[in-house]
Structure formats: C-alpha cells, structure tokens
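Now for the letters of each chain:
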Amino acid sequence: MKCFLPVLSCLAVLGVVSAQRQVAVQEGPLYRTEGSHITIWCNVSGYQGPSEQNFQWSIYLPSAPEREVQIVSTMDSSFPYAIYTQRVRSGKIYVERVQGNSALLHITDLQARDAGEYECHTPNTDERYFGSYSAKMNLMVIPDSLQSTAVRHTLHRVEQDPLELTCEVATETLQHSHLSVAWLRQRGGEKPVEVIALSRDFVLQSSSDYAQRQSLGEVRLDKLGSSTFRLTVFHLQPSDQGEFYCEATEWIQDPDGSWYPMTRKRSEGTVVNVQPTDKEFTVRLETDKRLYTVGEPAEFRCILEGQNTPDRYFAVSWAFNSSLIASMGPNAVPVLNSEFTHREARGQLKVAKESDNVFVLKIYHLRQEDSGKYNCRVTEREKTVTGEFIDKESKRPKNIPIIVLPIKSSISVEVASNASVVLEGENLHLSCSIRTAGRPLGRFSVIWQLVDRQNRRSNIMWLDRDGTVQPGTSYWERSSFGGVQMEQVQPNSFSLGIFNSRREDEGQYECHVTEWVRAVDGEWQVVGERRASTLVSITALETGFAVTAISRTPGVTYSDSFDLQCIIKPHYPARVPVSVTWRFQPVGTAEFHDLVTFTRDGGVQWGDRSSSFRTRTAIEKAESSNNVRLSISRASDTEAGKYQCVAELWRRNYNNSWTRLAERTSNLLEIRVLQPVTKLQVSKSKRTLTLVENRPIQLNCSVKSQTSQNSHFAVLWYVHKPSDADGKLILKTTHNSAFEYGTYAEEEGLRARLQFERHVSGGLFSLTVQRAEVSDSGSYYCHVEEWLLSPNYAWYKLAEEVSGRTEVTVKQPDSRLKLSQAQGNLSVLETRQVQLECVVLNRTSAASQLLVEWFVWKPNHPERETLARLSRDATFHYGEQAAKNNLKGRLHLESPSPGVYRLFIQNVAVQDSGTYSCRVEEWLPSPGGTWYRRAEDTAGQTAVQVMRPDAALQVDTVVPNATVSEKAAFQLDCSIVSRSSQDSRFAVAWYSLRTKAGGKRGSPGLEDGEEEGEEGEEEEEEDPTERTALLSVGPDAVFGPEGSPWEGRLRFQRLSPLLYRLTVLQASPRDTGNYSCRVEEWLPSPQKEWYRLTEEESAPIGIRVLDTSSTLQSIICSNDALFYFVFFYPFPIFGILIITILLVRFKSRNSSKNSDGKNGVPLLWIKEPHLNYSPTCLEPPVLKSAREDDVHSLCLKGKMPEGWLELGHIMKI
C-alpha cells in the first residue's frame, strides 16, 4: 500500500499539469463596412493529437440568437447551411490556414446580413475533454458611406507654374472613426507615388520623392471647411507630370486597440501636363504683300516665338529705313518719334501689342513716301529686385521692303441676267460685276437704267458711294411694294431684281459704275467710270392660251364612275393662276348651268343647281399644271348630258391686286349612262365530308365572280335529307346582313349551333354547324342572290344562282386511348421518396378529359385498394388506402406535361411496399353538352419494396482491463465505433458478468476459507454466467433503476454522441469481475415512431478491486518487485547450489569409478526451465520453472499455497 499511494500521487500530479485545450478568437465587437473583405483569426492551444487542427465557423444571427447557423468547415464540405453554401462554393467565404493550430475566416464581399455572433469551434482530438473547444465574437456590419470626389479634367502647365487641386471627402458613419487623406501621382503603368498625406492621427507626411519639397513649403495640403482638402504645388517640375488623384481611408479602432482601415475610396483623376521652359526665343516679321497703292492700308506683324513668353519681359522697337518709328517697353505703352506722332494722332498709324507673342505696326493710308524697308527689334529684359529692367538678349529679323504706287483706275464692268427671254410675271435678276487689276482703291457708285424699245432712258435705281440706295421716279411705287430691289452682293458685285415682271419692263438694261477714292485731305474724287448693258425680252401670258375638254369614257356603266379632263395650254407655272368652271347641260334641256368652279386661289365653289353632284363628284387640279379633272361616281340617268369647261387667265399685280388677262371655252363632251350586265357565278363543285361527332361542320359557299365590287349578296342555306323530297331552309342572310332562321333550324334546335361568317375577300360565305350530331348528316347547298345599290340608294336584285352540294356524314369518334405498359421494380429505403409515373401515349381527342386513378396491391391482399384519384376537373381525392396508411400528408401529384402524371409518395415506410398501377378513363363531351365515358385503360405495374436501412452498429470490442484500489472509482466506457444512421438514438445498459456460487475465478464475494479449500484444484468447472444490470439508459434518455449492489454509487456521462461512460464510485472487492455494455440502436419510422433496429454488446471489461487489509499476501502480490524478490530470485540461487553439489558428487563418483546404478541409487536430472511471459505482471520474459509459473498464476488469482507463504516469511526473515 505504501508503494501504491505514491504511484497514484504521481498520476494525479501528471493529470494536473497536463495541457488544457484553449480556443481563442479575435476580440469583438468588430465594425466592418458592406462590400469589404474581412478576416477573423482563430487559434487553439494546449491540445493533444495531430498538429493540424480543424476549424468550424458558425453564426448566431440577431434575429435568432439561440439558433446556430453553420458557415464553413475545414473538414466537412457539407457543413455549411443552404444560405451560405453558394458563397462557400464560389470562394467568397473560405478558411485560410495560417499554421496547424491557427486559421483565418475570410468573407470577401461582406453583406448586411452577415452581422451577428460568430463562433469558432475546434473538434476534439484529445483522449479526453479538458478545456474550451469554441470561442465567440460579435461582428457589426455598417453601410459604406465614405465618399471621395473630385472633378476629372486635364491641365496644361509650364515649368514653375503653380498647381492647385481640391478633393471632397465625407462620411456618415455613426461610429467613432478617423479619416486619412492622401494625394497620389501616377504616370502610365508605374506605381503611384504619394505626394502628401494626412494620416488618421493628423500628421502630414510625404514620400521620398516629395519629402524635401514638403519641408520647404513647396507642397502643401490644406483642409478647407469640414470636407475639402486642397493640394498645392507651388513650382511645378517636369517630373510632376502625370495623373493626380485623391485617396481617402476610413479607420476604426478595434477592441484590441489596433486601427483597421474599414474602407478606401479613390476620386477621379486630373491629368497634369508640364511643359519644360526654354529661354531661347526667335523673331520674325510678316506682312500680307510687298506692292501697295496710295491710300491702301499696310500691316506689319513682329512675331515672337519662345517658351513661357507671358511670364517674361520684352521690349519692341519699329524702324523705317533704319530710322526709329516707335518703341514699346514691357508695359506695352508705345512711344513714337515726332514725325509719326502726328500721323498716329490723325488715326493713320498705330503701334500696338496684339498678344503676348505678336506686336503690330499698322499704316491705314499709305503714301508714296512710305516706300522703303521696315523692321522690328525685340529685346528681352530682366526685372531686378528693385523693380528696374535690365536688357539681356536682343534679336531682329530681316528687313521687309514695300513699294507704294500712285492711284490708277483699272476697273471693267460686266452685266448678266438670269434669262434673255422671260415670261410675263417671272422674276428678272441682273448682276453688275466690277473687275479690277488689283485691290479696289476706293468706293463705287452704281446706277441701273432701262432703255425701252422707243429708246427712252429711265433710272431704275442707284447706289451711291456711301451705300445708300434710291429708286427712280417711275419705279418709286413698285420699289415700295418690293417689286424692284437693288443689292450689293459683294464689294465688287451689284444686283438688280425686278419681281413679277410686266410687258413694259422689256428693253436694254444698263449698269453705270463710278470709282471714287478719298484723297489724303479726306475729300472724295472720281478716278474713273465704266458702263455695260444687256437686252431682255418679255413674253405675254395670254400668248397661245387655249382650253380642251376630253373624256376616255363617253359611255359608262350604271353606277360606275367617269372622269372629265379640262386641259389648259400652254403649261403655266404655279404662280400664274387659272380659274376653271365646269358647266353641265342635262339630257332633254337646252341651257347650261355652272356645276363647279376651281377658283384662282385654289378654292372650290359649287353652282346653285349642283346639289345632286356634290356627294358623288370630286374635282382635282394637277400640281404640275392647271389641268382640272372632274370625277363623278355612281353614275345614273341624272348625270347623262353634255359637259364643257371655261378657263380664265389671271395675273397678280405688284400691289396684290388681280387682273383677268383672257377667257377661253372648251369643246362639248356628251356622256351616256348604261345599266350593268350581271356576272354572278357560284361554285358548283361537290364535296363529301365525313367527320367525328362533336366536331364542327364547315360549309362554304363561294361566289367565283360578281357584277360589281359593291354587290351585296343574300345567301340561303338548305339541307336535303334522303327521306325528304325537297331541301329544307336552315338559315337566310339578306343583302343587308339580317339573319332569318329557317323551319329546319327551328325544328331541329340548331339556332344555338349555327355560325355564319362572311370572309374578308367578300366572295366566300361560311356556315358552321357546331357540335355536329349524327342526325346532322345530309346534303347541304346554298342559294345566292346578287343585289346592287341603285344610284338613288335603293337596293335591287340583279341575279340568283344555286351552288353545288356537300354530302356530310357525322359519326362517333374511335377510341384511341393507350397507356404505357412498362413494368418496373423499385427498391428504396425508408424516409425516401417514390415516384410513380402514368404516361398516356395516345388519346381519342385533344378535347377529352381524363380521370386518373392510382391503386395498389398489398402483399397477402388479393384485392387492390385505391390510393388516389384525379377527377376530370383536376380535383385530387384520396382513396381508402391513403387513410389506412396515413398517406394523406405524403402524397403529391404533378403533371409536368400533358398526358404525363406523376405520383410522389414522400417519406415512405415499410408498409408502403406493394404493387402500384394506374387506370385512366377518357371522357368526351356529347353535342348536347354532357360528358360520357368513351374509353379506359390500365398501365403497367410497378413493384415497390421499401426497406429499412442496413444495421451498421458496431461497439468497441478492444477494452483494457483495470485494477483499482478499494474505495476508489473505476470507469466503464461504452464506445460506439459506427452507427447505421445519423438520426439514430441509442439505449445503453451496463451488466456485471458473474458466475454462480463456486464458479470461475474473479467472482467477488468468496470467503478466505473457501479459497484455501480450493487451492489444490488445477481445473474448475465453470457455471453459466449470470448478468446483473448496473444501469440502463433508454433511447429517450430515461434512466432505469440502479442495480442494488451499486445503488447510489453510479455516475453516468455522455461525453459525445458516440461515447458513454459509467463511473462506479467507492469500489469494493465485491465489485471485482467482468463487465460489459449492451447498445440498442433505435431509428425513427416515417410515422415518427421509434423502432429498434439492432443491438450490439461490447467485449468484457476485467475489473479487479484490491483489498486494502495489511496481509503479507496482499503486500507481496501488490508489488511486482517484491513478488519477484520473494518468489523468483531464491529459486535460481537454490537451483545453482543443488546443481553444483550434484556435479561435485557426480565427478567424485566418476573419479572413483563407482557406478551409482550398481548401488540402485537413481540418477538425478534437472528439468530445463522454459520461457514464459506474464503480460499481467508487466515484466519482460524470464526463465522460470513450471512451479514458479503456477505460483505466479495463483498470486494473480488472489490465492497462494501455504508452503510458499511460509517460504516467503522465511525469505523475509
């Protein structure tokens, strides 16, 4: 006992110091924005087992804080719930292993619904449960409200120019957060360079490229207001060229004190182009030409070319024949010498700075003495600190010489007209073009004159040199109405327009041009004069004016139309109005009366006696001519007679008054009206029509030809029965579309089944007898009457004709119902779904209705039982079998396509086994509207066998024996290695396996006297095993009564779904023996009832409880070292001594040559020890005798021979 307690103490110490599993997760709550990528770390420590641990992530949503929703696992691909499966498969949610005991949960596109309490769980890999296996943290998802905006544009700057850019940064986050703002520059595909940034701690910093410039104040970042950040670069360098943009980051402080960038936004960029400066400059002098005339203007431009000229200072001086004209400093104020100062004061000369690069010298009125060489000189100046200017580099271009010639007129005049011969009323356009050898010297005055055929000259209009236009005396009135206009089209071109020309405008038109030039003193003087003319002839409008009346249909058919044409010659333009009047003389009268007039302004006026013509007459004037057509429709006797047209030619004056120039009367036209001839033809073709009952009878009556497109028809439909002598009237439709039912329709009750239709073509009439019956068989035909509308709007019958006959035979439909006869066998497990299909391969009619009935033959039941029925109106009914087997909630019927019916039995049970089939009835509608059953058929059978799952229960059979001390506790583990279903429940019971009184070894409760009485027996006969229940736990977790020997000493634990443990407290020697556990596996049936599938018993567990009484036997047997010292080590020693003695004696006898056999003394021999290994004593194999083996065995049984015990006492002494 003294050596047993230290061992227990050591084990207890080892248990205390053994590692404890600890799971840690990132501390929360964490605030993250929608759409961001989040990572949450989780690690485990103090674990045993493999170095690579598995991680499982779950979430508890705010809407259901007690409900676990599984997200992702490193060991089970089916772990995620449905709402996360797609995101896990697409890689939007995944777990990254950092190390074997550490992992990161990634959510790439965070959503608002991802907010909640996250749990990281690590499945147990230890030998026992000790420590924590999961940890939780909270994640809050907030909207991403960060905005970074800037205007996108492109800037062009020159080196040393300043640059200012602004960016708006704003956020609406309710949580406490910090903003950091940075300006970056990016050039092409290079990495962006940070220009300057304001960190979240309000510290300004720059990259190495801009750090020195920031320290010198060359680069600044200023905050304007609450959300505006301005970047300023005071002196741009060529290296600053690129795209500048603003990047804002929103930071939030996590519970662990670290700052996390929740979101980052970039603004639009601004492209900045920096042009390097060049101090070199060039100067050139330009002018339009080198040869001028006195009085012309001249302009000299001194053009400066260089880099960044607006920011540089230049002085310019002008010279004429090496004499200074004027000079201009950087302030752009010209200073002229005395001679040119007077000309500048009179506005004849100007020196100015036109732009930063262009300087101008303008001479508005050249003189002959201005001929010579002109030049300019440009000097760059530098401004000192005191504000003074210092001359630096000076440049001048080559001289430009000009020549100024005296004034000399060189004009020529040319007159042209739009036509030499025009029609009266047309517009006349004349142009007067002035040609000069060079640039015009001054101004022109122009006079237009007309010389008529009597050689009289009159001034039409003139334009003086100041641009004032005045009409002549005889043209003053026409000019005021715009009838005569003069215009200067171009500086050298003048036009004269005479609108709505008259006969008196004919003659010779002359253009008189005078050239004027302003002298130096400002007075105008005539330089030269020129004349040119052209002849214009005007043709009178009434020349050749004539009218002719024609008609292509002098004889027209009754109710047809005819046209009358009034042709006017010659062809006048649209501006020349002609009024046309049609006159009519009826047959039998002697005078004409006005029928209709087409006025000159396009209006229509009807005569007093034209009321009968208005609704049937159309008058039309051709767009391309003045021809007028009179169209009369529905001709009758009242339109027969003589027609003629009268035309009047008009002219519009310049004051908008009208003048009738001429009147012409056409020839007479006589029109005759004839009555129409009938052309009615009805199809005589015969037909034979055989159809099924309840189908429509389609009867056609075709009019092949008719007299007029306006003909109306009355159609009478007849039927002739074999038993009748004549046909009977079915229906009559009059020419005005009225219906009248015949006697046959009334007698046979056909009114509700008749449908009459007139097709769009107009010549085809159809009669449809709906829902044909057998009694409708017969010979059908139609009688057609053609009616026409008279010109007086009265209908009259023109002709009639009978069509060919249609023989109609009506019969009942043939049955064509056919179902699929395919046989099938299905074997399914309980709780699965069975699909039974009923396929209609063919049916009698597409309009038929089907009744589908499902039935089943149960085993040992010859009669079939109805399962379900789908009536004709698509109503689903349960059969008696559905009520018996509780199928009402498990049956589902669907029809994915016409003729295909599928019956689903969900959550099937064993009692659902049987042979299934379906029966279909086809119902057809009778012509009277009632339904009757036409056919039925039964489909092939499908045998369904529902099986329970195979038993896969297996209990761990390898269980080590245990030895405990009295009053200690021992554990009985029941480990389930495998199970049949994930839905299984288990009933567990522990048993004590004992033999009856006097049984095998290991039975507790034997007295010491009984053990001593049996120690000499080598073999004992075993009695049957008795089972005593310690404790049982049902599948419903209900405990059974505890066994009486162990009552109050049992503790039950369920360490995992597959591991059960029973702990026996306060162990006593009577508890020594074998124990086992029996496991029953229970499964739920489809009806939610539990049944026992199988049972399994574990291997026996040997438990030995040591007696704590202080006996020598217990002390020796409880300690292996003492046991070997007492029972093992003395035997070899004594054996060696005996062998040595015997050998000595044997040698002495041999040496004396005395034979032991002769004296009758038996020879001694030594039994060779055999090799034996005792797994119970936990020592390596040693050599020992058979007797030693037996003694050791007896020691393990708790028994020891008295002799050996005494020997032990002796050895101890």
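The paragraphs below set out a description of the structure included in this document. Bear in mind the structure is a predicted one, so any value in this text is a computation, not a measurement. (Residues numbered from 1 in each chain as written. Predicted model: local features only at pLDDT ≥ 70, side-chain atom pairs only at ≥ 80, totals over all residues. Heavy atoms only, no water.)

## Considering the packing of aromatic side chains
One pair of aromatic rings is described through two measures. These are the centre distance and the angle between the planes. Applying the stated rule across the entire model yields 19 aromatic pairs. Both rings, one in Phe739 and one in Phe756, keep their centres 5.7 Å apart while their planes meet at 80 degrees; by these two values the pair is edge-to-face. Pair noted here: Phe739 is in strand S58 (residues 739–741) and Phe756 is in strand S59 (residues 754–758), with a separation of 17 residues, a long-range link. Residue classification places Phe739 among the partly exposed positions, given a relative accessible area of 46%. Grouped by ring-pair contacts, the aromatic residues Phe562, Phe584, Phe613 and Tyr643 constitute a single cluster. Positioned above the aromatic ring of Phe281, the side-chain terminus of Lys395 is 5.1 Å from the ring centre. The side chain of Arg872 reaches across the aromatic face of Trp923, ending 4.7 Å from its centre. (Phe/Tyr/Trp six-rings, centres within 6.5 Å; stacked < 30°, edge-to-face > 60°. Helix = DSSP H or I, 4+ residues; strand = E, 2+ residues; numbered from the N terminus. Buried < 20%, exposed > 50% of the residue type's maximum accessible area, 1.4 Å probe, protein only. Lys NZ or Arg CZ within 6 Å of the ring centre and 35° of its normal.)

## Description of the pattern of salt bridges
Under the counting rule described, the total for this entry stands at 62 salt bridges. Put simply, Arg531 and Glu510 hold a salt bridge, and the shortest N to O gap is 2.6 Å. Here Glu510 lies in strand S40 (residues 507–518) and Arg531 lies in strand S41 (residues 524–539), a separation of 21 residues in the sequence. Judged by relative accessible area, which is 13%, Glu510 ranks as buried. (Salt bridge = Lys/Arg side-chain N within 4 Å of Asp/Glu carboxyl O.)

## Structural notes on the state of the cysteines
Tallied over the full model, the rule gives 7 disulfides. Each disulfide pairs two cysteine sulfurs, and for Cys838 the partner residue is Cys918, the sulfurs being separated by 2.0 Å. Disulfide Cys838 to Cys918: torsion about the S-S bond roughly 70 degrees, handedness right-handed. You can see Cys838 sitting in strand S66 (residues 834–842) and its partner Cys918 sitting in strand S72 (residues 914–925), a full 80 residues away along the chain. Neither residue differs from the other here; Cys838 and Cys918 are each classed as buried. Note that Cys974 is cross-linked by a disulfide to Cys1077, the S-S spacing being 2.2 Å. The disulfide joining Cys974 to Cys1077 has a torsion of about 75 degrees about its S-S bond and is therefore right-handed. Linking Cys974 in strand S77 (residues 970–978) with Cys1077 in strand S82 (residues 1073–1084), this pair joins segments that are 103 residues apart in sequence. (Disulfide = S-S within 2.5 Å.)

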